[in-house]
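Below are the chains, spelled out letter by letter.
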Amino acid sequence: MLFWYDHGGWGWFAMSAGMVLFWALIIAVAVLLFRALDRPRGHSGTPATPPAEDILRERLARGEIDEDEYRRRLDALRAGPLAKP
């Protein structure tokens, strides 16, 4: 007859380590599954718009506005929104 104490306790250690690894695997799979299901899907519905200064810079580069107009509009952008009466 074979008992655990015949192996000097290594059988008990192997079973304990196996149980810890088993539960660690179960918990890891559960966390990964939860994170995958919690992730937002696709786009939010609104396309990302470039910052206003970038648009101004592009318009200047294309020649749609001159440098004076660019500086005037850039100063207006950096000044912030106007207070509505």
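A. Main features of the overall build of the protein. The helix and strand inventory of the protein stands at 3 helices and 0 strands. Reading the secondary structure of the protein in the N-to-C direction produces α-α-α. Taken across its 85 residues, the protein has 7% of its residues classed as buried. When the accessible surface of the protein is summed, it comes to about 8,100 Å², and 66% of that surface belongs to carbon and sulfur atoms.

B. Structural context of the packing of aromatic side chains. The final tally for this structure, using the stated rule, is 1 aromatic pair. Relative to Trp23, the ring of Phe22 has its centre 5.3 Å away and its plane inclined at 75°; by these criteria the two rings are edge-to-face. When its relative accessible area of 43% is taken as the criterion, Phe22 is described as partly exposed. Residue classification places Trp23 among the partly exposed residues on the basis of a relative accessible area of 47%.

C. Summary view of the packing of helix α2 (residues 52-62) against helix α3 (residues 67-79). Across the interface, α2 lies against α3 with an axial gap of 10 Å and an inter-helix angle of 175°. By the angle between their axes, α2 is roughly antiparallel relative to α3. Within the contact between the two elements, α2 uses Ala52, Glu53, Leu56, Arg57, Arg59 and Leu60 and α3 uses Glu67, Tyr70, Arg73, Leu74, Leu77 and Arg78. Looking at side-chain class alone, the contact of α2 with α3 contains 6 nonpolar, no polar and 6 charged residues.

D. Focus on the pattern of salt bridges. Under the defined criterion, the tally for this structure stands at 9 salt bridges. With a closest N to O distance of 2.6 Å, Arg57 and Asp54 form a salt bridge. Within this pair, Arg57 and its partner Asp54 are both found in helix α2, separated by 3 residues, close to a single helical turn. Judged by relative accessible area, Arg57 falls into the partly exposed class, the value being 41%. A salt bridge links Arg71 to Glu67, with the nearest nitrogen and oxygen atoms 2.8 Å apart. Of this pair, Arg71 and Glu67 both sit in helix α3, 4 residues apart, which is roughly one turn of the helix. By relative accessible area, Glu67 is classed as partly exposed at 43%. In the salt-bridge network here, residues are joined through shared partners; they are Glu53, Asp54, Arg57 and Arg78.

Definitions and limits used
Residues numbered from 1 in each chain as written. Predicted model: local features only at pLDDT ≥ 70, side-chain atom pairs only at ≥ 80, totals over all residues. Heavy atoms only, no water. Helix = DSSP H or I, 4+ residues; strand = E, 2+ residues; numbered from the N terminus. Buried < 20%, exposed > 50% of the residue type's maximum accessible area, 1.4 Å probe, protein only. Areas by Shrake-Rupley, 256 points an atom, 1.4 Å probe, with all protein chains shown as cover. Phe/Tyr/Trp six-rings, centres within 6.5 Å; stacked < 30°, edge-to-face > 60°. Axes fitted to C-alpha atoms, helices over the stretch in contact; angles between N-to-C directions. Parallel < 35°, antiparallel > 145°, perpendicular 65-115°, else oblique. Contact = heavy atoms within 4.5 Å. Nonpolar A, V, L, I, M, F, W, Y, C, P; charged D, E, K, R; others polar. Salt bridge = Lys/Arg side-chain N within 4 Å of Asp/Glu carboxyl O.

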